[in-house]
Amino acid sequence: MADQLYTAAEAASILKVRESWLKTKAAARLIPCTFIGKHLRFSDDDIAEIMKAGARQPVTARERRVGHRST
């Protein structure tokens, strides 16, 4: 098993987010995480999934609004 486990503080530092945000999302089971007993931990895969979920595609052109006519 080569996967590193990080504390919430360490994972928050890696992700550049507040530790409280990370803990809130994890407690609500909105982001991947691992609970070892009562201890919250994040694996490398968890961190990668959190980053992937937050990725957004670049906007390259304005989409035409449905029902909108151009004049």
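Preceding this paragraph is the structure being described.
What comes next concerns the included structure. Keep in mind that what you see is a predicted model, and the values were worked out from it rather than measured.

**What to know about unusual backbone geometry**
Non-glycine residue Lys-16 carries a positive phi angle of around 60°. You can see Lys-16 is positioned in the loop between helix 1 (8–15) and helix 2 (19–27). Using a relative accessible area of 71% as the deciding quantity, one classes Lys-16 as exposed. Positioned with a positive phi, Arg-29 is a non-glycine residue whose angle comes to about 60°. With respect to the element layout, Arg-29 can be found in the loop between helix 2 and strand 2 (34–36).

**Remarks on a negative patch on the surface**
Together, Asp-3, Asp-44, Asp-45 and Glu-49 line one region of the surface with negative charge. By the element assignment, Glu-49 lies in helix 3 (residues 44–54). The exposure class assigned to Glu-49 is partly exposed, which follows from its relative accessible area of 43%.

Quick notes on the rules
- Residues numbered from 1 in each chain as written.
- Predicted model: local features only at pLDDT ≥ 70, side-chain atom pairs only at ≥ 80, totals over all residues.
- Heavy atoms only, no water.
- Helix = DSSP H or I, 4+ residues; strand = E, 2+ residues; numbered from the N terminus.
- Buried < 20%, exposed > 50% of the residue type's maximum accessible area, 1.4 Å probe, protein only.
- Patch = residues over 30% accessible without salt bridge, like charges linked within 9 Å, V, L, I, M, F, W, Y side chains within 5 Å.
- Areas by Shrake-Rupley, 256 points an atom, 1.4 Å probe, with all protein chains shown as cover.
- Salt bridge = Lys/Arg side-chain N within 4 Å of Asp/Glu carboxyl O.
- Lys, Arg positive; Asp, Glu negative; His and termini not counted.
- Charge placed at Lys NZ, Arg CZ, Asp CG, Glu CD.

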